[in-house]
Amino acid sequence: MSWYFVVAIALTCVFGAFLFPRWPWVSRIKVTPAENKTGRDNEIAWPPPINPLPDLTPETLPQQFPTPWRPYKPLDYQLTMGLSSLEPSQWIQIDNGYTERIAKRKALIENYPTVVYGFKPEIVPAIEELYEYLLGYYLPKRYPGLFRIRLKGSGLTSEDSWLENLVTGECHPIVPPTAHTTQATASERAQAADHSLRAIATTIEEDFLILLPDSLLPDGGEESKYKLRAFCMCFASGVNPSDLLGKPLTAIHALVPGYKAKLEMSIDRFFGRMQVGRLWRRWNWGITTHNELCFAIGNETYEREMPKPMESSDPAQAHLRVEYQTMTRLPNTQAVVFTSRTYLTPLAQIRNDPPPIHAGTERKPEPGYGTPNGGGGPEDLADAIEGIKGPLIEYKKVYLYKERVVRYLRTGEK
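Note that the coordinates shown come from a computational prediction; the quantities given were computed from them, not determined experimentally.

Let us now look at helix α2 (residues 98–111). Taking 1.5 Å per residue as the helical rise, α2 with its 14 residues ought to reach 20 Å, and the 20 Å between its terminal C-alpha atoms agrees with that figure. Taken together, the buried positions of α2 are Tyr 98, Arg 101, Ile 102, Arg 105, Leu 108 and Ile 109. Take α2 and look down its axis: the buried residues cluster within an arc of 125 degrees, on one side only. Turned more than 90 degrees away from the buried face of α2 sit Glu 100, Glu 110 and Asn 111, all of them exposed.

Shown next, in the form of structure tokens:
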């Protein structure tokens, strides 16, 4: 082989990214930050580096067990934000329940589309931005054994590239068809946004909300309260998510006892200061007397199955429901993305299995794993349930199960 030919190949590899900057393997996620109307420091790298998990493949997925979150503590229940920082790589979780849950999400979207997802026209750019980041960057970077970018046709641009889901076999374009054109009509762009929402919702297990105040819209006003502008909540519990579209955080949390007095100002301030590239997480937990992931009160989906007192049912069949919630901000639209991933654990498992060993140390345990020294067991959960007092008893429906569940956790008696 001529050495001229070798040099030519080397030069092509080195300068290929410059000659063809829109090839699919060259990230096309570019940041053109919106005008800084809030005083935040936007000097944060985007997109953030993602640590891959190459060993997770369709073949190894059945051995990928869910994280055994135990966020309760044997103390009186306190209404707090309870935030801790999260590495960008750890944003989206995938485990051996993926196939079953994605199938459930598809069925809910197909049967109850007006209940489980929706959006306002002004949030379309943020939907497109989230779609491109997740499908075009995060998922193939984090899970290269489950998702891969494929070039369709003979084109060389990222518009010709698709994300292939190696678990479900589905493919989606990594760029929404109307995202980067000024010629698409509002109707065409809204239709594409509808497809993008569905694609995200049937590719990841997390429910998600997209929030933005009027003051950060291109033609918005001065109102700085964050409002829900888009959502997909397949696994809602105790709320009809479609009723919340377009409402501010205060209205969304109207039924939470003590929210206005204890949390409203702190949450508004936190949302206003949240930086691009930072992720935050928290946990919400409760007990359900059923094993339904979706229990959206006030719509036809589960209206016939309202929670009932646990009188004759087996308390071992009740479940600990943990919602693992995250928040981050997108760089271009400045929209805040809130995700919630639901975990259901039978109380029999908590009663009979040893509590999970938390990451971290006794002095600084990994958040979400209960208390140090093997905490998170049945006695801790019983104490935590008894620590729910005042108006939170009604809000969390503790009266439905408290006596029988606490007795079962402590003694095993059903």
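We are not done yet, so read on.
Tallied over the full model, the rule gives 24 salt bridges. Residue Asp 207 is joined to Arg 105 by a salt bridge in which the shortest nitrogen-to-oxygen separation is 2.9 Å. You can see Asp 207 sitting in strand β6 (residues 207–212) and its partner Arg 105 sitting in helix α2, a full 102 residues away along the chain. Judged by its relative accessible area of 4%, Asp 207 falls in the buried class. Classification of Arg 105 as buried rests on a relative accessible area of 0%. In this structure, a network of salt bridges that share partners links the residues Asp 95, Arg 101, Glu 205, Glu 206 and Arg 341.

This part takes up the sheet that holds strand β3 (residues 147–151). The antiparallel open sheet is built from 3 strands, whose spatial order is β3-β4-β5. The sheet is open, and its two borders are formed by β3 and β5 (171–173), each paired with just one other strand. Shown here is a sheet whose adjacent strand axes are inclined to one another by a mean of 30 degrees, direction ignored. Relative to β5, strand β4 (residues 161–165) is paired through 3 bridges, and the arrangement is antiparallel. Paired with Glu 164 across the two strands is Cys 171, which belongs to β5. Sheet strands in contact with helix α4 (residues 124–142) are β3, β4 and β5, and its direction is about 110 degrees off that of β3.

At a closest axis distance of 8 Å, the pairing of helix α9 (residues 378–386) and helix α11 (residues 402–411) adopts a crossing angle of 155 degrees. With respect to their mutual orientation, α9 and α11 come out roughly antiparallel. Regarding α9 and α11, the two cross each other, and that crossing is left-handed. For the pair α9 and α11, contact is made by Pro 378, Glu 379, Leu 381, Ala 382, Asp 383, Ile 385 and Glu 386 and by Lys 402, Val 405, Val 406, Leu 409 and Arg 410, respectively. Classifying every residue of the contact of α9 with α11 by side-chain character gives 7 nonpolar, no polar and 5 charged.

All right, on to the layout of surface pockets then. Size it by volume and the second largest pocket reaches roughly 440 Å³. In terms of lining, the second largest pocket is formed by 21 residues, of which the most central are Pro 66, Arg 101, Tyr 343, Leu 344 and Thr 345. Looking at the lining of the second largest pocket, the elements with two or more residues in it are α2 and β10 (336–346). A per-element tally of the lining of the second largest pocket places β10 first, with 5 residues. Among the residues forming the lining of the second largest pocket, the class breakdown is 8 nonpolar, 7 polar and 6 charged.

Time to look at the environment of Arg 282. Within the fold, Arg 282 resides in strand β8 (residues 279–288). Between the C-alpha atom of Arg 282 and that of Ser 340, which follows or precedes it by 58 residues, the distance is 9.5 Å. Polar side-chain contacts of Arg 282 include one of 3.3 Å to the backbone oxygen of Thr 80. A distance of 2.7 Å separates a polar atom in the side chain of Arg 282 from a polar atom in the side chain of Gln 325.

Glancing now at the packing of aromatic side chains. Each aromatic ring pair is characterised by the separation of its centres together with the angle its planes make. For the coordinates displayed, the defined rule picks out 13 aromatic pairs. Seen from their ring centres, Trp 91 and Tyr 133 are 6.0 Å apart, and the 35 degrees between their planes marks the pair as tilted. Remark: Tyr 133 occurs in helix α4 and Trp 91 occurs in the loop between β1 (84–86) and α2; sequence separation between them is 42 residues. Each member of the pair, Trp 91 as well as Tyr 133, is classed as buried. Counting every residue linked through ring pairs, the aromatic cluster contains Trp 46, Trp 91, Tyr 133, Tyr 137 and Tyr 138. For the cation-ring pair, Arg 105 lies above Phe 235, with the distance from its terminal atom to the ring centre recorded as 5.3 Å.

Relative to the assigned elements, Thr 333 resides in the loop between β9 (319–329) and β10. Within polar-contact distance, the side chain of Thr 333 engages the side chain of Glu 129 at 2.7 Å. Setting aside residues no more than four positions away along its own chain, Thr 333 makes contact with Pro 125, Ala 126, Glu 129, Leu 212 and Leu 216.

On to the side chain of Gln 325, then. Locating Gln 325 in the fold gives a position in strand β9. On the basis of relative accessible area, Gln 325 is assigned to the buried category, the value being 7%. Separated by 3.4 Å, the side chains of Gln 325 and Glu 323 make a polar contact. Apart from residues no more than four positions distant in its own chain, Gln 325 is found in contact with Trp 280, Arg 281, Arg 282, Asn 284, Phe 338, Thr 339 and Ser 340.

Moving on: the sheet that holds strand β2 (residues 117–119). The pairing of strands in a sheet comes from backbone hydrogen bonds and takes either a parallel or an antiparallel form. Read across the open sheet, the 7 strands follow the order β1-β8-β9-β10-β6-β7-β2; overall the sheet is antiparallel. At either end of the open sheet lies a strand with only one pairing partner, and these are β1 and β2. Strand-to-strand twist across the sheet, computed as the mean angle between neighbouring axes with direction ignored, equals 30 degrees. Summarising the sheet, β6 and β10 pair through 5 bridges and their orientation is antiparallel. Within β10, the position partnered with Asp 207 by the bridge is Ser 340. α2 contacts β2, β6, β7 (227–232) and β10 of the sheet and is inclined by roughly 120 degrees relative to β10.

Calculation criteria
Residues numbered from 1 in each chain as written. Predicted model: local features only at pLDDT ≥ 70, side-chain atom pairs only at ≥ 80, totals over all residues. Heavy atoms only, no water. Helix = DSSP H or I, 4+ residues; strand = E, 2+ residues; numbered from the N terminus. Expected span 1.5 Å × (residues − 1). Buried < 20%, exposed > 50% of the residue type's maximum accessible area, 1.4 Å probe, protein only. Arc of directions from axis to C-beta. Salt bridge = Lys/Arg side-chain N within 4 Å of Asp/Glu carboxyl O. Pairing = 2+ DSSP bridges. Axes fitted to C-alpha atoms, helices over the stretch in contact; angles between N-to-C directions. Contact = heavy atoms within 4.5 Å. Parallel < 35°, antiparallel > 145°, perpendicular 65-115°, else oblique. Left-handed = near helix turned anticlockwise from the far one by under 90°. Nonpolar A, V, L, I, M, F, W, Y, C, P; charged D, E, K, R; others polar. 1 Å grid on protein atoms, 1.4 Å probe; cavity = no way out; pocket = protein on both sides within 12 Å on 5 of 7 lines; lining within 4 Å. Points joined across faces, edges and corners; volume = space filled by probe spheres on them. Polar contact = N/O pair within 3.5 Å; in protein donor to acceptor, adjacent residues only side chain to side chain. Phe/Tyr/Trp six-rings, centres within 6.5 Å; stacked < 30°, edge-to-face > 60°. Lys NZ or Arg CZ within 6 Å of the ring centre and 35° of its normal.

Note that every value here comes from positions in space, so none of it alone points to a role or purpose.
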